[in-house]
Amino acid sequence: MPQLSDLIGSFVDDKICYDTGYQAPSQPATHTTQPIVTGSSVLGLKYKGGVILAADTLGSYGSLARFRDIRRITTVGKNILVGASGDYSDFQKIQELLEEVVAEDYCLDDGRTHTAKEIHSYLGRVLYGRRNKMDPLWNTLVIAGVENGNSFLGQVDLLGTQFEDDTLATGFGSHIARPLLRNAYNENLTEEEARKIVLDCMRVLFYRDARTIIKIQ
Amino acid sequence: MSGAGSGYDLSVTTFSPEGRVFQVEYAGKAVDNGVPSVGVACKDGAILAVEKPEETKMMLPGSNRRIFTVAKHVGMAVPGKLPDGRQIVSRAQQECENYKRFYGNTIPTKVLSDRLANYCHAFSLYWHLRPLGSAALTASYDDNGPHIYLSETNGVSYRYYGIAVGKGRQGIKTELERLKLGNMTCREALKTVCKCLIKQRDDQGSKKFEIEMAWICDESDRQFVRVPEDVAKEAEDAAKREIEQEDEDSSDMES
């Protein structure tokens, strides 16, 4: 990819730029090397008959609290949630991809839609493929859903690492909230209890994470 | 086959002395001899209905679909050759996806039907391709109201209040012209459409027919869906009763 350094070998004459030719770039072509507008943690917790996700509504521009009311958790179809931390524009791209998956399901019209597990695999493969092209979507995604009364909770990150767990936390939350969630988790949580646990963790994150705001989704 | 073409109908790249391209017309005939399909734009939505004869008793009813969803706000029936029709539907789905990706908005129906017409037309320009033997009867409902478009095999696309394609279309068209479709709701129009389709049947009584219906209306949240089974059955039964009533009345009048 021609860089500015290449043009130094050319000269300007009456506003016409002569390019002396392509010079080998000193660095290989790179793509997203840094996230710009970022979201902080996303927490996920299974309870009996469901899953709960929580995230704050802040899009940070470095240390500036730039966008203070964004939605970092999106729905896919009727019973799947996808939450993202990391680069927000990459998450918007992922939302577009998910919309296309939903549209494909809708058009097939065969009484069956993609399950949370399938979306989890799909996103895992997409992110892994991008990382292999050295052009990652800089996100850690949490996928949650319910099928036939069974809850599903899985995570995919920018490297393409895919796994499932009963409790999940991304970003700063993986250090602070994950132990709290793991201690509090048991198979028979009700929705009320799960909600309280997750809110407690969000409160701790607000105390400790410098890139959060008080509003949550 | 008749000698109407007499040598000018062997390839789609040949004009006849009168300026006709016979292969394209023959493709149109594939649609004309296909399953009767009706598209109707009502006050609160648009309906598509296709009447399919039961090919074989061994086939599961409802499995050979003729009406397809192209996007949430657009649906399509494909009278004529079904495989060619599936090609058009596939292309339409891609067009919708592309438009959404590019412009961030759902594709306006006029744009979609124009693109499909161009697509069908492209097949009539090259010697190594044959025209598609299927038309695209598109139904949608957006901010400008309900739309019915027909993109034909020869590359034209028009918008209709109501249109019938396939076998018996002349009779159905005559019936549709009598109706004030703009004042009917979709539910009322469903019954009338069923009536039109049942009436034009070559009724030897032995063949079973299946009417496939789909709509996009206020009732379906402006999304293109198959008409719910109970509603469809109700419309069909009501239509059959009305036809029986009319037959009785006319035979009463005769005697």
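First, a word on what this report is: a plain description of the structure on this page. (Residues numbered from 1 in each chain as written. Chains lettered and ligands numbered in written order. Predicted model: local features only at pLDDT ≥ 70, side-chain atom pairs only at ≥ 80, totals over all residues. Heavy atoms only, no water.)

### A look at the sheet that holds strand 5 (residues 136-142) of chain B
Residues and elements named next belong to chain B.
- Read from one edge to the other, the open sheet built from 5 strands follows the order 3-4-5-6-7, with strand pairing classed as antiparallel. Every interior strand has two partners, whereas the edge strands, strand 3 (67-71) and strand 7 (157-160), have only one. The average angle at which neighbouring strand axes cross in this sheet is 25°, direction not considered.
- Strand contacts of helix 3 (residues 109-122): strand 3, strand 4 (74-77), strand 5, strand 6 (145-151) and strand 7, with the helix running at about 5° to strand 6, the strand carrying the most contacts. (Pairing = 2+ DSSP bridges. Helix = DSSP H or I, 4+ residues; strand = E, 2+ residues; numbered from the N terminus. Axes fitted to C-alpha atoms, helices over the stretch in contact; angles between N-to-C directions. Contact = heavy atoms within 4.5 Å.)

### Some thoughts on unusual backbone geometry
- With a phi angle near 50°, aspartate 109 of chain A is a residue other than glycine that sits in the positive phi range.
- Among the structural elements, aspartate 109 of chain A can be located in the loop between helix 2 (88-108) and helix 3 (116-132).
- Judged by its relative accessible area of 23%, aspartate 109 of chain A is partly exposed.
- Look at aspartate 221 of chain B: it is not a glycine, yet its phi comes out positive at around 60°.
- Counting through the fold element by element, aspartate 221 of chain B comes out in the loop between strand 9 (209-217) and strand 10 (225-226).
- We classify aspartate 221 of chain B as exposed; its relative accessible area is 63%. (Buried < 20%, exposed > 50% of the residue type's maximum accessible area, 1.4 Å probe, protein only.)

### Re the interface of chain A and chain B
- Counting residues at the interface gives 8 residues for chain A and 13 residues for chain B.
- Roughly 820 Å² is buried in total at the junction of chain A and chain B, and carbon and sulfur atoms are behind 41% of that figure.
- Linking chain A to chain B there are 4 salt bridges.
- Of the residues in the side of chain A that touches chain B, the class split is 4 nonpolar, no polar and 4 charged. (Buried area = accessible area lost by both parts, 1.4 Å probe. Salt bridge = Lys/Arg side-chain N within 4 Å of Asp/Glu carboxyl O. Nonpolar A, V, L, I, M, F, W, Y, C, P; charged D, E, K, R; others polar.)

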